[in-house]
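A look at the structure
Given next are the chains, with one letter for each unit.
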Amino acid sequence: MKRKLLAMVLTLAIGATMIAGCGEKAETPAPSASSTETSVETSTEASTEETEATEEATGLLAKIKESGKIVVGTASGYPPYEFVDITSADQAIIGVDIELAKAIAEELGVTLEVQDMSFSALLAAIPAGKVDVAIAGVAPTDERKETMDFSDSYLFAEQSVIIRKEDAEKYKVLSDFEGATLAAQMSTTQEKLVQELLPENPLASLEKVPDCILELKNGKVAGVVVESIVGQQYILADDTLQFAEANFDRKKESAIVIAKGNEDLVAILNSVIKANQDAGNFEKWVMEYSQIVADNAK
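This structure is a prediction, so every number in the text was calculated from the model and none was measured.

On to the pairing of strand β7 (residues 155–164). In terms of burial, β7 is a largely internal element, eight of the ten residues being buried. One ladder, built from five bridges, connects β7 with strand β12 (residues 248–258); its direction is antiparallel. Residue pairing for β12: Glu 158 is matched across the bridge by Lys 251. Taken together, the three bridges between β7 and strand β11 (residues 241–243) define a ladder with antiparallel strand orientation. Considered in β11, the bridge of Ile 162 is made with Phe 243.

In structure tokens form, the structure reads like this:
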């Protein structure tokens with residue numbers, strides 16, 4: 001009887017020890033291969049996010065945000081795109097392009113600084129880094145794309161010729177201008193157009209469109225090659241001028257100029273352009289500033 005009782009006690013003791021051992025193992029499991037892999041993947045993802053954040057903080061966009069301002073280069077004397085407001089005390093530069101520049105600065109949350117210069121100097125200022133972007137009715141030509149990048153186009157215009165009304169019967173077709181002296185703003189697509197389609201014509205390349213118009217009114221040139229959006233301002237302001245029936249069968253687009261390698265900033269510029277196109281703001285700005293120019297000229 002005692003032997004049976006002793007055997008039962010030993011059996012119960014051994015069972016209790018085994019149960020206690022199983023409990024300790026369940027509380028401290030060894031790490032599995034899958035949990036280790038998850039940890040490595042999480043670490044890699046975090047590292048990638050940090051790298052991407054560093055990349056986003058570089059380039060022209062980062063410089064603009066760090067400085068708190070965007071420097072926009074333009075070339076006044078090209079209404080309604082940009083021109084001097086002669087009625088303002090500070091002779092401010094105003095126009096369609098300045099409204100676009102304001103919208104960009106607002107989107108970026110920075111202040112706007114406008115630098116006025118000649119058109120030829122403006123195109124050189126972009127690759128030289130003297131301005132952040134150029135907004136001056138610039139056409140995105142293949143030649144220019146070799147050294148600088150462009151946003152989407154925001155305005156489109158015909159290529160026309162302004163003449164004196166007294167010469168209206170002389171210039172019915174483009175060939176009527178053969179041999180005649182024409183004027184165009186220096187370094188513009190209009191200058192290139194005359195050189196390409198009327199290579200034998202004498203060409204007066206001047207710094208600003210008003211200089212070209214003055215040459216026309218003084219009888220020194222037969223016509224001024226301009227885009228229609230610009231030309232209509234001078235016709236509204238001066239009833240001795242008009243568009244010739246003859247014109248260049250080309251369209252002119254305008255886009256923002258920016259140094260190469262700034263895709264993140266270009267994407268923001270494009271979004272601002274699209275938003276204002278969808279809202280009809282470009283048409284409104286063209287009409288508004290066209291009227292201001294006409295009123296100031298009277």
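This is not the end of the story, as more comes after the structure.
Turning next to helix α9 (residues 228–237). All buried positions along α9 are accounted for by Ser 228, Ile 229, Val 230, Gly 231, Gln 233 and Tyr 234. On its buried face, α9 is in contact with β7, α8 (209–217), β10 (223–227), β11 and α11 (281–297).

With that settled, the discussion passes to helix α4 (residues 96–108). Residues that lie three or four places apart on an α-helix share one face, since the helix turns once every 3.6 residues. The first and last C-alpha atoms of α4 sit 19 Å apart over 13 residues, in line with the 18 Å expected at 1.5 Å per residue. Taken together, the buried positions of α4 are Val 96, Asp 97, Ile 98, Glu 99, Leu 100, Ala 101, Ala 103, Ile 104, Ala 105 and Leu 108. Gly 109 lies just past α4 and shows a positive phi near 70°.

Checked against the element boundaries, Gln 185 lands in strand β8 (residues 182–185). Relative accessible area serves as the criterion here: at 5%, Gln 185 is assigned to the buried category. For Gln 185, the side chain forms a polar contact with the main-chain oxygen of Glu 207, separated by 3.0 Å. Contacts of Gln 185, omitting those with residues within four sequence positions, involve Tyr 78, Phe 119, Glu 191, Leu 206, Glu 207, Lys 208, Val 209 and Cys 212.

What follows covers the packing of aromatic side chains. Taken as a whole, this structure holds five aromatic pairs when the rule is applied. Centroid distance Tyr 154 to Phe 282: 5.5 Å. Interplanar angle 25°. Geometry classified as stacked. Of the two residues, Tyr 154 sits in the loop between β6 (149–150) and β7 while Phe 282 sits in helix α11, which places them 128 residues apart along the sequence. Classification of Tyr 154 as buried rests on a relative accessible area of 2%. For Phe 282, a relative accessible area of 2% corresponds to the buried category. Measuring from ring centre to ring centre gives 4.2 Å for Tyr 171 and Phe 177, while their planes differ by 0°; the resulting arrangement is stacked. Residue classification places Tyr 171 among the buried positions, given a relative accessible area of 6%. The exposure class of Phe 177 is buried, given its relative accessible area of 1%. By the ring-pair criterion, three or more aromatic residues cluster together here, those being Tyr 154, Phe 282 and Trp 285. Over the ring of Tyr 81 we find Lys 252, and its NZ or CZ is 5.3 Å from the ring centre.

This part takes up the packing of α4 against α11. Orientation of α4 relative to α11, taken along the N-to-C sense of each, is 135°, at an axis distance of 9 Å. In terms of orientation, α4 lies oblique with respect to α11. In this structure, α4 contributes Val 96, Glu 99 and Leu 100 to the contact, and α11 contributes Phe 282, Trp 285, Val 286 and Tyr 289.

Right, let's talk about the environment of Leu 108 for a bit. Along the polypeptide, Leu 108 turns up in helix α4. Overall, Leu 108 belongs to the buried group, its relative accessible area being 10%. Note: C-alpha distance between Leu 108 and Lys 65 (43 residues apart in sequence) is 7.4 Å. For Leu 108, the contacting residues outside a window of four places in its chain are Leu 61, Ile 64, Lys 65, Ile 70, Leu 265 and Ile 268.

Quick notes on the rules
- Residues numbered from 1 in each chain as written.
- Predicted model: local features only at pLDDT ≥ 70, side-chain atom pairs only at ≥ 80, totals over all residues.
- Heavy atoms only, no water.
- Buried < 20%, exposed > 50% of the residue type's maximum accessible area, 1.4 Å probe, protein only.
- Helix = DSSP H or I, 4+ residues; strand = E, 2+ residues; numbered from the N terminus.
- Pairing = 2+ DSSP bridges.
- Contact = heavy atoms within 4.5 Å.
- Expected span 1.5 Å × (residues − 1).
- Polar contact = N/O pair within 3.5 Å; in protein donor to acceptor, adjacent residues only side chain to side chain.
- Phe/Tyr/Trp six-rings, centres within 6.5 Å; stacked < 30°, edge-to-face > 60°.
- Lys NZ or Arg CZ within 6 Å of the ring centre and 35° of its normal.
- Axes fitted to C-alpha atoms, helices over the stretch in contact; angles between N-to-C directions.
- Parallel < 35°, antiparallel > 145°, perpendicular 65-115°, else oblique.

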